[in-house]
Amino acid sequence: STPVATFCALLRAARMGVLVKGGDILESLGEIRVAAFDKTGTITKGEFTIDEFQVVGDKVEMGQLLYWVSSIESKSNHPMAAALIEYSQSKSVVPQPQKVTEFRIYPGEGVYGEINGRHIYIGNRRIMTRSSCQTVPETGEPRGASVGYVICDGDVVGAFSLSDDCRTGAPETIRELRTMGIKSVMLTGDNRAAATRAQDQLGGVLEELHSELLPEDKVHLITNLKVSSGPTLMVGDGMNDAPALAAADVGVSMGLSGSAAAMETSHATLMSSDVLRVPAAVRLGRRTRRAIV
Ligand code: ADP
Ligand code: MG
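Structural notes, computed from the coordinates. (Residues numbered from 1 in each chain as written. Chains lettered and ligands numbered in written order. Predicted model: local features only at pLDDT ≥ 70, side-chain atom pairs only at ≥ 80, totals over all residues.)

Looking at unusual backbone geometry
Of note in the backbone geometry, Ser-92 takes a positive phi value of approximately 65° without being a glycine. Relative to the assigned elements, Ser-92 resides in the loop between helix 5 (79-90) and strand 4 (100-106). Positive phi, close to 45°, is recorded for Ser-132, a residue that is not glycine. Residue classification places Ser-132 among the exposed positions, given that 11 C-beta atoms sit within 10 Å. (Helix = DSSP H or I, 4+ residues; strand = E, 2+ residues; numbered from the N terminus. Buried ≥ 20, exposed ≤ 12 C-beta atoms within 10 Å, placed from the backbone.)

Laid out in structure tokens, this is it:
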């Protein structure tokens, strides 16, 4: 296509809220056969509410536990962190991130922090293995969709559950893609229960659901989809999605709430949280391709 035609098409995409990094990417958008969506922060709002928060064992009391959790999570920008901090503050606990002497992020698992020489991990079941936790809580899992644990020096000291709802427009997006002949799948680092909850809210329109994935598992699934189903689009917001966004034929990041890592590795960025822009962008890509051939 001519440089002017390409420029005009990119401008049109930007006006509909999709920042596309080049004319070739717009053409690839027109060829998409599969759309893979991350769950947390992409299909869902990424605004969690805490359903339950409990002390496990008798090593710590609630105030101390909330102080550790909120101080460490203050260093994270994961959607769950904001909910945990807000919950602690509602119980009059003030987070003190300056007391956290060491901090690490384990994408798809959780976070680690050191406070007063104590080694504290917060995250899903995977984080237990990493923290060389010996005792799995017998109190039974807290009820709710996503479940998290707090581990201090090898012992589970807390457990919590949280849930998050789908974005308005997400069910329509998936349905519209289907009418365009594009199948939709969901890839999430969260557990099966949370993935199923999102699937139900979408009205059961997803063709595939994959849960408990690490960042590299998302990459493998994208690679497999490309082989089995053709040109693949991936939409995601987190640093855990960045490698999969790069592996997709077209990686689309969430501009308003997404991480810098996702925006850097993606080929296009949604300038609003409206995932409905995805089918519109594919349509524009199809028109652009037709204009060329
Ligand atoms: P998704 O793929 O749905 O966006 P992530 O890969 O970001 O999910 O996270 C996967 C899981 O890792 C979460 O469901 C949570 O259990 C755990 N996790 C990640 N970051 C944190 C954190 N900062 N605090 C607690 N748990 C976390
Ligand atoms: Mg996410």
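A short note on the sheet that holds strand 2 (residues 34-38)
Ordered in space as 1-13-12-11-2-9-10, the seven strands form an open sheet in which the pairing is mixed. Since the sheet does not close on itself, it has two edges, and those belong to strand 1 (18-20) and strand 10 (208-210), each with one partner. Neighbour-to-neighbour, the strand axes of the sheet open up by a mean angle of 20°, direction not taken into account. Bridging between strand 9 (residues 183-187) and strand 10 involves three bridges; their strand directions are parallel. Bridge assignment links Met-186 to a residue of strand 10, and that residue is Leu-209. (Pairing = 2+ DSSP bridges. Axes fitted to C-alpha atoms, helices over the stretch in contact; angles between N-to-C directions.)

Re the environment of Gly-63
Along the chain, the position of Gly-63 falls in helix 4 (residues 62-73). For the pair Gly-63 and Gln-201, spaced 138 residues apart in the sequence, the C-alpha separation amounts to 35 Å.

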